[in-house]
Amino acid sequence: MADCVSKVELSVSCCSLLDKDVGSRSDPLCVLLQKTGDTWTELCRTEQVENSSSPSFSQRLRVDYHFETVQNLKLGVYDIDNASHDLGDDDYLGGAELTLGQIVSSKTITRPLQLKKGKPAGKGSITITAEEMKDKRAIELEFEAKNLDKKDTFGKSDPFLEFFKQGDDGKWKLVHRTEVVKNNLNPSWKKFTVPLQTFCSSDLDKPLKVDCSDYDSDGSHDLIGSFTTKVSELQKAAGGSQVAFDCIHPDKQKKKKSYKNSGVVSLKKFTLLTQYSFLDYVMGGCQINFTVGIDFTGSNGDPRSPNSLHYMSPDGLNQYLSALWSVGNVVQDYDTDKLFPAFGFGAKLPPDFQAAHHQFALNFNPSNPYCQGITGIVEAYRMVLPQVRLSGPTNFSPIISHVASIASQAAQDNTAAQYFVLLILTDGEITDLDQTRDAIVRASRLPLSIIIVGVGPADFKAMELLDGDDGVLRSTVGEAVARDIVQFVPYRNFKDAPQASLAQSVLAEVPNQLVSYFKMRGFDPPKPKVSPKTPENP
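Worth saying up front: this structure is predicted, and the values here are computed from it rather than measured.

About the criteria used
Residues numbered from 1 in each chain as written. Predicted model: local features only at pLDDT ≥ 70, side-chain atom pairs only at ≥ 80, totals over all residues. Heavy atoms only, no water. 1 Å grid on protein atoms, 1.4 Å probe; cavity = no way out; pocket = protein on both sides within 12 Å on 5 of 7 lines; lining within 4 Å. Points joined across faces, edges and corners; volume = space filled by probe spheres on them. Helix = DSSP H or I, 4+ residues; strand = E, 2+ residues; numbered from the N terminus. Phe/Tyr/Trp six-rings, centres within 6.5 Å; stacked < 30°, edge-to-face > 60°. Buried < 20%, exposed > 50% of the residue type's maximum accessible area, 1.4 Å probe, protein only. Lys NZ or Arg CZ within 6 Å of the ring centre and 35° of its normal. Pairing = 2+ DSSP bridges. Axes fitted to C-alpha atoms, helices over the stretch in contact; angles between N-to-C directions. Contact = heavy atoms within 4.5 Å.

(A) Examining empty space enclosed by the protein more closely. Inspection of every chain in the model, using the stated rule, returns one cavity of 30 Å³ or more. Looking at the largest cavity, its volume works out to about 30 Å³. Of all the secondary structure elements, the ones that give two or more residues to the lining of the largest cavity are β13 (208-214) and β14 (222-229).

(B) Summary view of the packing of aromatic side chains. Summed over all chains, the structure comprises 15 aromatic pairs. On the basis of an interplanar angle of 25 degrees and a centroid distance of 5.0 Å, the ring pair of Y281 and F518 is categorised as stacked. You can see Y281 sitting in helix α5 (residues 278-283) and its partner F518 sitting in helix α12 (residues 510-521), a full 237 residues away along the chain. For the pair Y281 and F518, one class covers both residues: buried. Through pairs of rings, three or more aromatic residues link up here, namely Y276, Y281, Y419, Y517 and F518. Above the face of the F164 ring, K209 is positioned so that its terminal group lies 4.6 Å from the ring centre. Above the ring of F353, the side-chain terminus of R389 is found at 3.9 Å from the ring centroid.

(C) Up close: the sheet that holds strand β12 (residues 192-195). In spatial order, the strands read β12-β9-β16-β15; together these four strands make up an open sheet with antiparallel pairing. Among the strands making up the open sheet, the edge pair consists of β12 and β15 (243-246). Each strand of the sheet is rotated relative to its neighbour by a mean of 35 degrees, with strand direction disregarded.

(D) Structural context of the environment of L267. In this fold, L267 is placed in strand β16 (residues 264-274). What makes L267 buried here is its relative accessible area of 3%. As for L267 and V194, which are separated by 73 residues in sequence, their C-alpha atoms are 15 Å apart. Apart from residues no more than four positions distant in its own chain, L267 is found in contact with L141, E142, F143, L234, A237 and V243.

(E) Representation of unusual backbone geometry within the structure. Cis rather than trans, the peptide bond between P350 and P351 has omega equal to 5 degrees. By secondary structure assignment, the location of P351 is in the loop between β19 (347-348) and β20 (360-361). Its identity is not glycine, yet N147 carries a phi of approximately 55 degrees, on the positive side. Notably, N183 is not glycine yet its phi reads approximately 50 degrees, a positive angle. Mapped onto the elements of the fold, N183 is located in the loop between β11 (172-177) and β12.

All we've got here are geometric facts, nothing functional implied.
Shown next, in the form of structure tokens:
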């Protein structure tokens, strides 16, 4: 029986979290993990809510629901105290383990938060609400305000907007929160996109409430004013009409007969668009082109030594090949011809063994560097390993620039027909960091994702910088990446885990990266080709 897959969206709120910060409440964030074998893999996380013991997270958590499979999930809540993406140095406020089936069948479920080893996390609890995502439409909005009330004694106001939809129980449910605009009574907020189903349950006449508040660092935000509306009313802005709302503070309205408003919030832009998924593009015919780059630098150690990362164990494997098998076996399914270019870098080649090559065909055929499937790459690797001399330095930029040039040619077709994934397997001691940063920033405007798997025990700080999860990666002249295209994973985290665990972690960001590129370019999925009717194919 075919696996039944649906996209489910989880909204999360917490109550009575432990206070880990001295003199203030915690700054919580919720992360969603799924268990594969014995390994927990992060799927996604919410935004951080500052200074709150009972946060409602506006960022939804999305997961594929497979009816035939028991999907073990863990929701962990952390107090975030730094800008690092790594949660290892943040305080764990508690978590809950349950299956996706339990959440879906209950629609809304509340569980007590537990610390490690099952110890209760005080009186803390977590509430999860599930909703199946059936509507592909999304709403794109851009708001501004004029003449908001001044709320700060030594400044103006720091306004932000919160959007709520009315649930079946009549209660208001948070669906989006904007950024804070500092010290401004006439703010313009950044354009944002929310799935239509999330925003208004796909009902254009469902009541919506919008709160405009003044941000305070201690979490006691002051309400400036509110208004109610519905999407069908907001939709008037799509035709160029002015859509403005009086921002009303109920207490001021009661006290003063002459009270008009606490400012005016206006909708500048409204767009209703289709939000395509990774499957929409792939099933429409988008080809994923897979390229491999393998590190043959001297820091890996002599391949003849058991201490070398390139040393072949009695079963014919090493960390490089294990990582290649794990990731390659998944990606190759999305490429119809199964012909993959494979390159090495950082080695001196026969017959002269002169200067190190920073991009050479693994099969020693530069005019045709393609290998037949993952098996072909493995065979080429095993053939070339005893013939080359490991050297250096470790330069990433040549192979990134090479694949980027091919992706650039494909991008000129102005269709969503091709996307490229470059897998770099390395021991992590990168030499040309500045040139690599520049190459990644340039490549972020192309149909390309870069996966880096670090093998061995090295310090991978440079790789984590390239990943950009701790902040926006910038070139040497300060130019920011157009979108996040790098995913770094250290192999040692999965050395004893099933191969599927590494592949799941490594490839987790590729679908969103593919969609973000084609969305940035405004390309819809290709239309599936219809086979001509024949007597054999009626």
